[in-house]
Every structure is written in structure tokens, then in C-alpha cells.
Amino acid sequence: MALHLSTSSPSFIDPQISCHFLSPFPPPRIPFNPLSLKICISPHNKPLTLWTTLHANLQVPSTIPSNPHDPDAKPTSSSSKSYVWVNPNSPRAPLLRKSSYNERYSYLLKVARSLNSCNASSEDVSGLLVAELGDRVSQLDAMGILDNMSNPETALLVLRYFQGKLRFENEVKLYNIALKVFKKQRDFDGAEKLFDEMTQRGIVPDNVTFCTIISCARLRSLPRKCVEWFDKMRTFGCDPDDVTYSVMINVYGEMGDVDRALSLYDRARREKWRIDLLTFCTLIKMYAAAGNFDGCLNVYQEMRALGVKPNLFIYTTLIKIYVNSGNFDGCLNVYEEIKAFGIKPSLYVYNKLLEVMGRAKRPWKATSIYKDMIDNGISPTWGTYAALLHAYCRARYGEDAMNLYRVMKEKGLELNVVLYNSLLATCADVGYSDEAEEIFEDMKRSVRTCKPDAWTFSSMISVFSSCGDVAKVEAMLNEMLEAGFQPDIVVQTSLIGCYGKANRTDDVVRTFNRLFELGFTPDERFCACLLHVSTQIPKEELAKLVECIEKANATLGFVVKLLVEGGDTEGIFRHATSVFLDTADANVRTSFCNSLIDLCVNLNLGARARELMDLGLKLGIYTNIQSRTPFQWSLHLKSLSIGAALTALHVWISDLSKALENGEELPSVLGINKGHGKNRLAEKKIVGAIVPHLKELNAPFHEASDKVGWLLTTKAAANSWLEGLKSQELVLT
């Protein structure tokens, strides 16, 4: 009887099996398990094994010699039973296993390996085959040996030997197996010569023949040969199957023949061909190269609908697409899908995601992705650290940026000019003056000779300007000029700001006038800085600044003049201010409104300050300053200037008092969020103004131990305090 064991199946019988070159992975080989020994010859349930498949295709008797060297060995013929279970504990089990074709196939595999290393001569090949197989050779033996060979030279000699020994009823199958050996070694020239031999002998090729040759050409990166053999199929009466068509979609895509590739793809969708993963990869790559992002996404959705699991290449391409289109959430969705499928992202994917999160100003997400990368055992590179540092700097995460900078220095990773400048710009914005000097000196000592450029000097001047350190600002300006760089409008703005903090009004005016001599036109940032300076100088010198502001921006000058000189009638101030703020650039509107409120506070114009606060809320300049939940009412002072914060505080106190008068009940907790984190100087200024003022008002707010940057009080304490303010008439109305 014929024994069926769990053996590997030859791929040269079924064209669907023979074309596994489309898959990125070879077909799995099922290991032999002697405990699952079964006997099978059922024509209705044929497992895909070497013996049963070849037997069905060759239509030869199921005769297996148990020992090729034993002339008296009796062949094992098939039984009428489908399956017979053999007890693995039976004494006969070893004998049955020994006489099974699995044992025979293992022996033939050993012979094939010997032939691969044999000298490529007819004498050596025939001598080895005779010694190993004897005279009793079956067609199954011939095919089994050829199928496991990988040496085209000896494979041809083996083919000749078996052709001389056996008469094959379907010889094209033997040639197809031989062609497969040439494909393994990517010997396309040899495959073409063997095909010529076939046709000269009158053997008609079939689909498997052409499929194997086309795949060989594709492995050799010969797309034009693929097209040539694809077109040749019909001349031999062969109609390409869906597997071959799928290959050709890939080939046309790699050739850049978009029209023919898409034509075949459209036909594939209509006729529901089986399209493999590699073909989808080519289509997506083709669309991406053409900049057709919608086409990429459509192919991806069709692939998912067909149940084809994407690989890392497709996910990487999708991330690139979303990056180019600015769809940062799309990048994150793809990343989450990669993790859900258990695919390990590459270093490129991680670095790209870090870069994207930097552009999206989501440093917290960049940190999470970096941790995932480390947990996956992928070592960060210079590009990884650079992308992460850029993410921290772009979001002005000063502490995280400095920590990462020091890690890079410890690892011996040199920064380039762009990274140094990003760090210095961050230091300028968050008030890290000492750190900026450290970075600047390190930059000048860099072994890569990262010479400071105009941006470097501009950032350093901005750092010292925020501290009001005139001596360092002027020294850095001189160093900048010595290096051959001329100050631009940004540097002039920093100079104005520095002189203003130092109360050097005449230097402010001098620098302003020189701006026009240098040919600069004041922009909105310069005007915002000039207005801010007006809130810092003595009142008696304010007229000098008003004249400069009028010259820089007539509308703003008109608004400031109304504040300083008074004389507002019929709401002219509110209308003029509203028009000015509504047309100002979004990046400086908050700065303008803050400074105008600060100026009102300095001039003791409380009503005007509250009017500007109300206007800022209506124009959307200020949002979420007050918030209410069932358990806590809060005031948020972050991003406000000192005057704006004091004004917002008094408005909030007034609103709380009105709530009590209207019979509303306060929540259990009231809180003031004075801000925490990015800008040391701004945080110190807010705390330095708000906390003393709350003490003046005897406000019962105290630092929260578990919430950094918060001042909290209870309902009972707030009620008592507000009642006291009301009796003293201290609440602003």
C-alpha cells in the first residue's frame, strides 16, 4: 500500500504552486512527524505530497521500491483504503516508516545534493546515479531528484541521463522541473537554451514553462525579456493565467509602463484574478512615484478588502505619502496599524515618525515613539537623535532638548549648524541664558568646525536681550560684524527690546532711527517689540516712544496716543483697537493685546484694561481664560503678560462675586493656573506679580503640592474672602 506522510510538496506540478516567486517568502515545508503516520491513496482526498501528486499527473502505477539496491525487494502497491491509522507504538511502525515514500524522498534529496557538487561530466553524473539508484529508476525518482537540484550544469546531465533511461508520457513536466533549476540560479540564458531544445525536440511548452522563464527573467531584472516571453505565449497556444498576469502587472510597473500596468490591473479587478502582495507593492510604488497619492490609498484599500496583509514596504510608502501631504494623524494611524499586525518597524520608519512629530509639534508623541523604538531593540542613530532634538526644539521643550543635547555629547555625536541653531533659538524663547552660552562655546569648539552663522548670532543676541544684558548684546553684535554678518530686522528687534529692558530710551530711539538708515521697514514683530518697550520705560519718556510707534505703524500709533493722551469720544478707542487687532498677524495679536493692557495698567486705566480684555476675548485672541466644571472653577493665566494677568484676575474675582450675588453656589475647589514649564523668565514674572497681589487682597490661595503651577482654595475660604472684599468694596466692577 502507498503511504502518505507529511512531506514537502514539489512545486513543479501545479502552475499555481510553481509560481511562488511572486511571494516574498518560499512555500513552507511541513516537517515529517513519524507519530502522524497515515496511509492514503484516496482519489477524492489527495494530500499535496510528492508521491500522490506525481502519481496523479503521470498516471503510473503506485509502485515504490523499498530498497534500490535490493533486486528482490518487492514494490509496495496501493491499497483500496483511504486512510489506515498505524499505531506508533506497534512493532511494525518502524518497518512501515522505512518503506514509506517519505524515506525514499529523503534519500532522493540526498542524491540530489550529491549531484549538485558532482563534476559536470556525463561519466561522473551517470556513475553516481547508477551507484545510488541502480537500474530500477522510476519517473518519480527522476522528478524528485531534479526538483531538488540547484546546479544547472549537472542538472542538464541528469536530465539527459533520465531521458535515456525512461520514457516519459508527459516530458514537458520534466523540462519544467529542469527550467526551475535554472531559475533558482537566475541563469536566464541557460533557461532560453533549454527552451530551444524543447521546441526542437517537438515538445510543446505549457503555461508552467512560460511562467518559469518569465519569473527567471524577472529575478534577473530583465523586464523587457519578461514582456518578450509574455507576448510569445500565445504563439504556442498558451493563455496566461491570473498568476502570470499578476507578474506582468509588476513587470510593467517596474518598467514604468503605467498604462499597460493599470490596464492589466483594471482587468484583474473585473475578472477577480488573484493578485499577490508584490504586485500591490509595485502598484503603490508606481502611483507614489507619479505623485498620485489618492491612487496609492485606493490600491491599499482594495488590497485590504481582498484580505492581503500589507508588508513593511507598503506601510513605509503610506507614511511617506501622509508626510508629503501633511497628514500627521494619518502617519500615526499607519504606525498603530503596523504595531497591531505585529510588524517590526524599521529604523527608517521610526526616524520618519520622529521627524513628522517634530513638524506637528507633538514632542510627547515623539518621546513615546522613541521609547517604542528602544523597546523593539533598534539602536538609535544620529538621525534619530537629530529628529527627536528637532521635535523638542520646535515645541520649545527646553529641558528635554538640553537633556538630549547632553546625551548626544556623551555619545560623541556631533551636532551640525542647524541643530545648534535650533537649540539656541529654543534657549532664547524659554530664557535659558546660561545654557545658550554653554552651547555657543561648544559650537565654536566643535571638531566639525561648525562655524556660527547669522542665525547663530541672532539667537545669542535674542538670549541676552531677554535678560536685558546690554553689554553681552553689544559684544555679540560686534562679534557678528567681525564674522562678516550684517544684522537683519530680527537683530534690530532684539536690540530694541534689550535697550527697553535696561530703560535706555535714547538708545531705543537711536536704534529705531538707524533702522530706516539701513533700509529696513518695521514689520509687525518689530512694532510689537516697540510697543512692549513702551510698557517698560518711565512714564515721562513715553512720548519719545509714541512718536516712534506712530512712524512705524500709524494705526497702532493712533491707538497708543489715545491711551496716553486720553480724549476718546464715542467709542473711537474701542473701534480703532478692534480694527487694528483684527487685521494684525495671528502670530503677534496676543503680544499686541498684552502690551496694550500692560500700558493701561501702568497708566492706571483699569477700565480701559478690562475693555481690552473683553475685546481680546471677543476677537478670539484670548481663549479659555476661565473654565468651570461641577467640582472646580479655574482661572488660567498662561501666555498672559503681567498686566493682562492682573486684569484677568480682577475680572475673575468680579465674576465670582456676581455669581454669589445671583445665588450661584461655588464649587468645592477654586484654582488659579499661573503656568509652568517652558519660559523661565515669563513664569517668574507672572509668579512675582500675581502672588504678592493675592497677598495684598488677603486671598486664601495656596500653592498646590500635587499640581505644579496651581494655586488652590476651598469653597468655604473663597466665600468668606469674597464677602470680605464686598464689604471693603475692593472688587473691580
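Residues numbered from 1 in each chain as written. Predicted model: local features only at pLDDT ≥ 70, side-chain atom pairs only at ≥ 80, totals over all residues. Heavy atoms only, no water.

1. Focus on the overall build of the protein
Next up, step 1: In terms of helices and strands, the protein carries 36 helices and eight strands.
Next up, step 2: Going through the 733 residues of the protein one by one, you find that 50% of them count as buried.
Next up, step 3: Partitioning the contacts of the protein with sequence separation of at least 6, the portion at a separation of at least 24 is 67%.
Next up, step 4: Carbon together with sulfur atoms contributes 50% to the accessible area of the protein, which is approximately 34700 Å² in total. (Helix = DSSP H or I, 4+ residues; strand = E, 2+ residues; numbered from the N terminus. Buried < 20%, exposed > 50% of the residue type's maximum accessible area, 1.4 Å probe, protein only. Contact = heavy atoms within 4.5 Å. Areas by Shrake-Rupley, 256 points an atom, 1.4 Å probe, with all protein chains shown as cover.)

2. A closer look at unusual backbone geometry
Next up, step 1: With a phi close to 75 degrees, S639 is a non-glycine residue in the positive phi region.
Next up, step 2: Looking at the element boundaries, S639 is found in the loop between strand 5 (632-636) and helix 34 (642-661).
Next up, step 3: Notably, N698 is not glycine yet its phi reads approximately 55 degrees, a positive angle.
Next up, step 4: As for its position among the elements, N698 is in the loop between helix 35 (680-696) and strand 7 (702-703).
Next up, step 5: On the basis of relative accessible area, N698 is assigned to the exposed category, the value being 59%.

3. A look at the nonpolar core
Next up, step 1: L129, I145, F162, L530 and F592 are the most contacted members of the largest nonpolar core, which has 211 residues in total.
Next up, step 2: By residue number, the principal contributor to this core is helix 34, which donates nine residues.
Next up, step 3: The residues touching L530, leaving out its near neighbours within four places in the chain, are I496, V508, F512, L545, C548, I549 and A552. (Core = buried A, V, L, I, M, F, W, Y, C linked by side-chain atoms within 4.5 Å.)

4. Focus on the side chain of D442
Next up, step 1: For D442, the location among the structural elements is in helix 23 (residues 433-445).
Next up, step 2: The contact partners of D442, leaving out residues within four places of it in the chain, are Y405, K409 and Y420.

5. Description of the packing of aromatic side chains
Next up, step 1: Applying the stated criterion to the full structure yields 19 aromatic pairs.
Next up, step 2: Taken together, a centroid distance of 5.8 Å and an interplanar angle of 70 degrees make the contact between F230 and Y245 edge-to-face. Highlighted residues: F230 in helix 11 (residues 223-232) and Y245 in helix 12 (residues 242-255), separated in sequence by 15 residues.
Next up, step 3: Here the aromatic rings of F512 and F526 are separated by 6.1 Å at their centres, their planes lie at 25 degrees, and the arrangement is stacked. A residue pair is termed long-range when its members are at least 10 positions apart, and F512 in helix 27 (residues 505-517) and F526 in helix 28 (residues 524-534) qualify at 14 residues. (Phe/Tyr/Trp six-rings, centres within 6.5 Å; stacked < 30°, edge-to-face > 60°.)

6. What about the state of the cysteines?
Next up, step 1: Applying the stated criterion across every chain, the model contains zero disulfides.
Next up, step 2: Free of any disulfide, C427 has its nearest cysteine sulfur in C393, 7.9 Å distant. (Disulfide = S-S within 2.5 Å.)

7. Side note on the environment of W710
Next up, step 1: With respect to the helices and strands, the residue W710 is situated in strand 8 (residues 710-714).
Next up, step 2: C-alpha of W710 to C-alpha of H636: the two residues are 74 residues apart in sequence and 9.3 Å apart in space.
Next up, step 3: Setting aside residues no more than four positions away along its own chain, W710 makes contact with Q632, S634, H636, G671, I672, N673, H702, E703 and A704.

8. As for the packing of helix 29 (residues 542-552) against helix 30 (residues 554-565)
Next up, step 1: Between helix 29 and helix 30, the least distance of the axes is 6 Å, while the angle of their chain directions is 155 degrees. As the angle between them shows, helix 29 and helix 30 are arranged roughly antiparallel. Along this stretch, helix 29 crosses helix 30, giving a crossing that reads as left-handed. From helix 29, L542, V546, I549, E550 and A552 reach across to helix 30, where they touch A554, L556, G557, V560, K561 and V564. (Axes fitted to C-alpha atoms, helices over the stretch in contact; angles between N-to-C directions. Parallel < 35°, antiparallel > 145°, perpendicular 65-115°, else oblique. Left-handed = near helix turned anticlockwise from the far one by under 90°.)

9. Overview of the environment of S368
Next up, step 1: Relative to the assigned elements, S368 resides in helix 19 (residues 363-375).
Next up, step 2: On the basis of relative accessible area, S368 is assigned to the partly exposed category, the value being 30%.

10. Quick notes on the packing of helix 14 (residues 277-289) against helix 15 (residues 293-305)
Next up, step 1: Direction vectors running N to C along helix 14 and helix 15 enclose 165 degrees, while the axes themselves pass 8 Å from each other. Classified by the angle their axes make, helix 14 and helix 15 are roughly antiparallel. Every pair of crossing elements has a handedness; the one defined by helix 14 and helix 15 is left-handed. Contacts from L277, F280, L283, I284, Y287 and A288 in helix 14 reach G295, C296, V299, Y300 and M303 in helix 15.
Next up, step 2: For the contact of helix 14 with helix 15, the per-class residue count stands at ten nonpolar, one polar and no charged. (Nonpolar A, V, L, I, M, F, W, Y, C, P; charged D, E, K, R; others polar.)

11. A look at the pairing of strand 8
Next up, step 1: Here strand 6 (residues 669-673) pairs with strand 8 via five bridges, running antiparallel. Residue pairing in the sheet places G671 in a bridge with L712 of strand 8.
Next up, step 2: Judged from the two bridges that link them, strand 7 and strand 8 form a sheet pairing that is antiparallel. What sits directly across from H702, in strand 8, is L712.
Next up, step 3: The turn linking strand 7 back onto strand 8 is made up of six residues, and G709 within it adopts a positive phi angle of 85 degrees. (Pairing = 2+ DSSP bridges.)

12. Notes on the environment of D655
Next up, step 1: Tracing the sequence through the fold places D655 in helix 34.
Next up, step 2: Each residue touching D655, except ones within four places of it in the same chain, is listed here: Q626 and R628.

13. Here's the deal with helix 13 (residues 258-271)
Next up, step 1: Look at helix 13: 20 Å from first C-alpha to last across 14 residues, which is about the 20 Å you get at 1.5 Å a residue.
Next up, step 2: Those residues of helix 13 lying buried are A261, L262, L264, Y265 and A268. An end-on view of helix 13 places all buried positions within 160 degrees of arc, on one side of the element. Structural note: helix 13 exposes D259 and R270 on the side pointing more than 90 degrees away from its buried face. (Expected span 1.5 Å × (residues − 1). Arc of directions from axis to C-beta.)

14. Regarding the sheet that holds strand 8
Next up, step 1: Sheet architecture is open: five strands sit in the order 4-5-6-8-7, paired in mixed fashion. The open sheet is flanked by strand 4 (626-628) and strand 7, the only strands paired with a single partner.
Next up, step 2: Here helix 34 sits on the sheet and contacts strand 4, strand 5 and strand 6; the angle it forms with strand 5, its principal contact strand, is near 155 degrees.

15. Observations concerning helix 7 (residues 152-165)
Next up, step 1: Helix length check: helix 7 (14 residues) gives 20 Å between terminal C-alpha atoms against 20 Å at 1.5 Å per residue, within 8%.
Next up, step 2: Considered for burial, the residues of helix 7 that qualify are P152, T154, A155, L157, V158, L159, Y161, F162 and Q163.
Next up, step 3: Its side-chain oxygen 3.1 Å from the backbone nitrogen of E153, N151 forms the N-cap of helix 7. (Polar contact = N/O pair within 3.5 Å; in protein donor to acceptor, adjacent residues only side chain to side chain.)

16. Structural notes on the pattern of salt bridges
Next up, step 1: Summed over all chains, the structure comprises 31 salt bridges.
Next up, step 2: Note that D329 and R362 form a salt bridge whose closest N and O atoms lie 2.9 Å from each other. Remark: R362 occurs in the loop between helix 18 (347-359) and helix 19 and D329 occurs in helix 17 (residues 328-340); sequence separation between them is 33 residues.
Next up, step 3: A salt bridge links E703 to K674, with the nearest nitrogen and oxygen atoms 3.4 Å apart. With E703 in strand 7 and K674 in the loop between strand 6 and helix 35, this pair connects stretches of sequence that are 29 residues apart.
Next up, step 4: In the salt-bridge network here, residues are joined through shared partners; they are R574, R608, E611, D614 and K618. (Salt bridge = Lys/Arg side-chain N within 4 Å of Asp/Glu carboxyl O.)

17. Here's the deal with the confidence of the model for the protein
Next up, step 1: For the protein, per-residue confidence averages 82 on the pLDDT scale, and residues scoring 70 or more make up 83% of the total.
Next up, step 2: Segment residues 1-83 is flagged for pLDDT under 50; beyond a separation of four residues in sequence, or across chains, it makes 166 contacts in the model. (pLDDT = per-residue confidence, 0-100.)

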